[in-house]
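This is what each chain is made of:
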Amino acid sequence: MAKTAQEKLDAKREKEYNKTHKHMYKLKPGDIVFDILNYLFFGLFTLSCIFPFYYLFINTISDNKLVQRGMINFYPRGIHFQNYLSLTNVNDLGNAFIVSITRTIFGTVLMVLATAFVGYVVTKQEMWHRSFWYRFIVITMYFNAGLIATYLNMVMLGLTNNYMVYIIPGIVAPYNIILVKTYIESIPGELEESAFIDGASYFTVFRKLIWPLSKPILATVAIFGAVGHWNSFQDSLLYMTNAPSLMTLQHRLYIYLNQSSNIASMMNTSGAGAAAQFENLLNVKVIKYTISMISVIPILLVYPFMQRFFEKGIMLGAVKG
Amino acid sequence: MKEERTQTRGVAEYVYYLQRILIAASVLALFFPSMNPARICKLVSDNISLFTSAVSYPSLISGVGRGFRSGWIEESTFVVLYISAVIAVIGTALVAAGACCSLGNVKLKRLGLKFSLIGSIVQIGGYILTIVAYNMAANGGRPEKIEAHFPTAALVLAIMAAVILLTSLLLMAVLPKADASMEYEMESKYKLFLMFLPFGALAGIFCYLPLWGWRYAFFDYQTGGTLNMDNFVGFKWFIYLFQNSTTRSDILRVMANTLGISGLNIITQWIPMVFAIFLCEMKNLRFRRFVQTFTTVPNFISWVLVYAIALAIFSTDGFINTFAKSIHLLDANSEGTNYLMGNSLVWVKMWAWGVWKGVGWSAIIYIAGISGIDQQLYEAATVDGAGRFQKMWHVTLPGLLPTFFVLLLMAIAGILSNGLDQYLVFHNAENDKSIEVLDLYVYYLGLGSNGSIPLSTVVGMFKSVISVVLLFGANAVSKALRGESII
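Scoring rules and cut-offs
- Residues numbered from 1 in each chain as written.
- Chains lettered and ligands numbered in written order.
- Predicted model: local features only at pLDDT ≥ 70, side-chain atom pairs only at ≥ 80, totals over all residues.
- Heavy atoms only, no water.
- Helix = DSSP H or I, 4+ residues; strand = E, 2+ residues; numbered from the N terminus.
- Buried < 20%, exposed > 50% of the residue type's maximum accessible area, 1.4 Å probe, protein only.
- Contact = heavy atoms within 4.5 Å.
- Areas by Shrake-Rupley, 256 points an atom, 1.4 Å probe, with all protein chains shown as cover.
- Lys, Arg positive; Asp, Glu negative; His and termini not counted.
- Charge placed at Lys NZ, Arg CZ, Asp CG, Glu CD.
- Domains from an automatic or database assignment.
- Salt bridge = Lys/Arg side-chain N within 4 Å of Asp/Glu carboxyl O.
- Polar contact = N/O pair within 3.5 Å; in protein donor to acceptor, adjacent residues only side chain to side chain.
- Nonpolar A, V, L, I, M, F, W, Y, C, P; charged D, E, K, R; others polar.
- Phe/Tyr/Trp six-rings, centres within 6.5 Å; stacked < 30°, edge-to-face > 60°.
- Lys NZ or Arg CZ within 6 Å of the ring centre and 35° of its normal.
- 1 Å grid on protein atoms, 1.4 Å probe; cavity = no way out; pocket = protein on both sides within 12 Å on 5 of 7 lines; lining within 4 Å.
- Points joined across faces, edges and corners; volume = space filled by probe spheres on them.
- pLDDT = per-residue confidence, 0-100.
- Expected span 1.5 Å × (residues − 1).

Engineer: Would you mind going over the overall build of chain B with me for this structure?
Structural biologist: When helices and strands are counted, chain B shows 22 helices and 0 strands. Counting over 487 residues, chain B shows a buried share of 49%. Considering only contacts within chain B whose residues lie at least 6 apart along the sequence, 68% involve residues at least 24 apart. A total of about 22,500 Å² of accessible surface is found on chain B, and carbon and sulfur atoms cover 65% of it. Separation of charge centres in chain B, based on 34 positive and 28 negative side chains, amounts to 4 Å.

Below, the structure written as structure tokens:
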């Protein structure tokens, strides 16, 4: 596979670079000071990227009374997972979770299918006015009519307070189309030609040849798309003004974060006893932290495995078509 | 004989052009509320298109609740109206399919004509039903209450459909018969175009159609109102924006914020590059990998989550305050400081959050650039007696400058687009004056509690146009200096 070969090459280059650098100069005092400062800086900066998540996490699993008194700073105490279970009692959160998950799945699948297909079609030189239509798509990346005009357009199309506003406008993603098109162009043309000689149609070639061969880039595009859908906040904010049940998780989180200390308003308490129990168990700080945690956990779980796809994405973007 | 055939083909081509234009127009009309025949009375929203009326019955009757309750109009009228909209949309879909088939060979063309014929009849049926619904509304209940008006659009569209019908019949007569042995075929250039068409249409609807919304800038529009010649105000809002002292001072303040924050980002555009160079100076590969992995994470969380983190660390009961209390830097009973409030250093704070979130990610491209630099350059530099810092300065840095230059130009082109999310989530009552960037201003101006849609559309128009000019300017600079375009 070309992919692994490229990666091997990169690793080898990196090693060589380090080796040559190690032997190329003698360590001077200035170098040692620089190295220490360098490691220190990157260590601290990395810590600043990890610590907030860790801090949120330990606060959600520690004894809530200690959390309320601000006693949990570096390590958890009185570990329990009750907070996560109690989230089922938070108003509308379940809905928001379902909306976010389904839009991520459907939105990403449709976007990837469309991106692959359009990316393939625009590589075909014989298409009627190909370059015009390709530009027609690409220009939308640089130009938009503005927030209000887009909003008015959605109103006109009846897409406000409608779940479909999460899915349909995102299907055609110009940046991803450029990535896929560039990738498909790098696939040797002979493969396709021989398929056409055997009488295959464009659809067959796409399904049997292009789709499997462009899987690496499609994975990259899919992950970018999924992260975008999961994090999406603006469309929910703009278009769901009268449909609270269709708000995304990020929008819900935003609302909860800005809510003052009235916890009762957030809970769908089913009786005085239950209310008292939750008052005991949860406090505003903890519930905010817990909801933040469940919004960030999917990203943190997926990220380490997908990192190379992310990096490939930005590299391909730099090459641009 | 041959000449005669080419002549008929010529005529047929012209008729086809006419028909395709009509079909394209009737498809387009589906998405314009002003061409919606279903608007038979005031109760139907002015902002609803025929397509929406047909797809969603709840949208169609969204404003009618009172009319039903007071008996001004029968619900059956709206059922008929809805059915008519569905029929009209189906008919339009059929004629559109016919137009697509007309790009094929004779056999496919003939099939397409059948589609257009049936489709246009269905369309006409749908529009007649719309007029029936209008009559039901005008004759039953209280027509004066609901202000029933004759749907002129239905008549116009029905005439268009009739012309499509006639042209289809004409073409059926003119076109030669297809051989029985003929297959359905189409030239591959059209085939590819038709495969592309649905996606092109989506791009058209969601990226180009909003430009039609710019017309709101020329009307005295109130939310829920209509656009018509009575409230056409020309360039009133454009002039108002600069003559009214409140909006003028707002614009000046907002532009200062926008340019201030963007300016900070542009002058610190080199940070990811230096980050990458220093990162690559560390010899411990495992540590480097670790740093790289974790510094890119913040890029993939939303701004809402960044705000959640900011609250957890910097608010009154956040980490900084509780930690200060635990080591007795701060009195245990004191209120603590909420570092997110306050109007000081807002630009710098916003810039710092942006750097924290983005630097690791932006550095990746430079890291890749460094591994692509020819090793022989470093060897040559060593031979010439260059030290570590000299190599960074004279070899690594020049190798990365082209990438830096492109990203810098892109940043300058995007100087007005700070994005909405970050400033919206960090916005509060105290930092209001310094955080309101153009995107946030447009949002509040248009969709805030006492917003003005026309005025914010004007601001949005200015922003879009200036951004495009800047982008092309940046592109021209890039072409002149490097001979390469960036878009």
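There is more to say after this.
Engineer: Please explain the domain arrangement of chain B as it appears in this structure.
Structural biologist: Think of interface size as the accessible area that goes away when the parts come together; that is how it is often given. Looking at the assigned domains, one finds that chain B contains domain 1 (2-186) and domain 2 (238-482). Between domain 1 of chain B and domain 2 of chain B, the C-alpha centre-to-centre distance is 50 Å.

Engineer: Quick question: what am I supposed to make of the pattern of salt bridges here?
Structural biologist: Where charged atoms from two side chains of opposite charge come close, those side chains can pair. On inspection of all chains with the given rule, the structure shows 12 salt bridges over all chains. A salt bridge links Asp31 of chain A to Arg388 of chain B, with the shortest nitrogen-to-oxygen separation between them at 3.7 Å. One end of the pair, Asp31 of chain A, is in helix H2 (residues 29-61); the other, Arg388 of chain B, is in helix H18 (residues 388-413), on a second chain. For the pair Asp31 of chain A and Arg388 of chain B, one class covers both residues: buried. The partner of Lys181 of chain A in a salt bridge is Glu185 of chain A, with the nearest N and O atoms 3.1 Å apart. In this pair, Lys181 of chain A and Glu185 of chain A both sit in helix H9 (residues 174-185), 4 residues apart, roughly one turn of the helix. Classification of Lys181 of chain A by relative accessible area gives buried; the value is 7%. Using a relative accessible area of 42% as the deciding quantity, one classes Glu185 of chain A as partly exposed. Connected through salt bridges with shared partners, the residues Asp31 and Asp35 of chain A together with Glu281 and Arg388 of chain B form a single ionic network.

Engineer: Would you mind showing me how to read unusual backbone geometry here?
Structural biologist: Keep in mind that most residues, glycine aside, have a negative phi and that most peptide bonds are trans. Not every positive phi belongs to a glycine, and His129 of chain A is a case in point at roughly 55°. Counting through the fold element by element, His129 of chain A comes out in the loop between helix H5 (93-121) and helix H6 (130-139). Residue His328 of chain B is not a glycine yet carries a positive backbone phi of 60°.

Engineer: For this particular structure, what's the right way to read the interface of chain A and chain B?
Structural biologist: The partner chain B presents 105 residues to the 94 residues of chain A that form the contact. Along the contact surface separating chain A from chain B lie 2 salt bridges. Its salt-bridge partner being Arg388 of chain B, residue Asp35 of chain A comes within 2.7 Å of it at the nearest N-O pair. Here chain A is connected to chain B by 18 residue pairs in polar contact (both at pLDDT 80 or more). With 18 residues, H2 of chain A is the largest single contributor of residues to the side of chain A that touches chain B. A breakdown of the residues in the side of chain A that touches chain B according to their chemical character gives 63 nonpolar, 22 polar and 9 charged.

Engineer: Just to check I follow, could you spell out the packing of aromatic side chains for this structure?
Structural biologist: In this description, a pair of aromatic rings is defined by centroid distance and the angle of the planes. For the coordinates displayed, the defined rule picks out 60 aromatic pairs over all chains. Ring geometry for Phe206 of chain A and Trp211 of chain A: centres 6.2 Å apart, planes at 65°, overall edge-to-face. A residue is classified by how much of its surface remains accessible, and Phe206 of chain A, at 11% relative accessible area, is buried. Ring geometry for Phe300 of chain B versus Trp361 of chain B: centroids 5.1 Å apart, planes at 80°, classification edge-to-face. Highlighted residues: Phe300 of chain B in the loop between helix H13 (285-296) and helix H14 (303-314) and Trp361 of chain B in helix H16 (residues 346-371), separated in sequence by 61 residues. A relative accessible area of 13% places Trp361 of chain B in the buried class. Through successive ring pairs, a cluster of aromatic residues spans Trp128, Phe132, Trp133 and Phe136 of chain A together with Tyr190, Phe193, Phe196 and Tyr208 of chain B. Above the face of the Trp237 of chain B ring, Lys236 of chain B is positioned so that its terminal group lies 4.5 Å from the ring centre.

Engineer: What am I meant to see in the domain arrangement of chain A here?
Structural biologist: Structurally, chain A comprises domain 1 (22-80) and domain 2 (88-245 + 299-319). Taking only C-alpha atoms into account, the centre of domain 1 of chain A sits 36 Å from that of domain 2 of chain A.

Engineer: For this particular structure, what's the right way to read empty space enclosed by the protein?
Structural biologist: Unfilled space is identified by rolling a water-sized probe across the atoms. One pass over the full model with this rule turns up 3 cavities of 30 Å³ or more. By volume, the second largest cavity is sized at about 50 Å³. Together, Ala149, Leu152, Asn153 and Met156 of chain A together with Leu209, Pro210, Trp212, Gly213, Arg215 and Tyr216 of chain B line the second largest cavity. The residue makeup of the lining of the second largest cavity, split by class, is 7 nonpolar, 2 polar and 1 charged.

Engineer: Before we go on, may I ask you to explain the environment of Tyr443 of chain B in this structure?
Structural biologist: Along the chain, Tyr443 of chain B falls in helix H21 (residues 438-447). Between the C-alpha atom of Tyr443 of chain B and that of Ser34 of chain B, which follows or precedes it by 409 residues, the distance is 26 Å. Apart from residues lying up to four places away in sequence, Tyr443 of chain B is in contact with Leu147, Leu237 and Leu238 of chain A together with Leu420, Leu424 and Gly448 of chain B.

Engineer: Explanation requested: the confidence of the model for chain B in the structure shown.
Structural biologist: Low pLDDT means the predicted coordinates in that region are not meant to be read closely. Taken residue by residue, chain B gives an average pLDDT of 87. The fraction at 70 or more is 97%. Quick note on the complex model: pTM equals 0.87, ipTM equals 0.88.

Engineer: Any chance you could explain the environment of Ser334 of chain B here in plain terms?
Structural biologist: Within the fold, Ser334 of chain B resides in the loop between helix H15 (319-326) and H16. Separated by 13 residues in sequence, Ser334 of chain B and Asn321 of chain B place their C-alpha atoms 9.5 Å apart.

Engineer: For this particular structure, what's the right way to read helix H11 (residues 245-267) of chain B?
Structural biologist: It helps to recall that an α-helix has 3.6 residues per turn; residues three or four apart then point in one direction. Residue and element names in this part refer to chain B. The terminal C-alpha atoms of H11 lie 32 Å apart, and with 23 residues this matches the ideal 33 Å at 1.5 Å per residue to within 8%. Taken residue by residue, H11 has Thr247, Ile251, Arg253, Val254, Asn257, Thr258, Gly260, Ile261, Ser262 and Ile266 as its buried positions. At the N-terminal boundary of H11, the capping side chain belongs to Asn244, with an oxygen 2.8 Å from the backbone nitrogen of Thr246.

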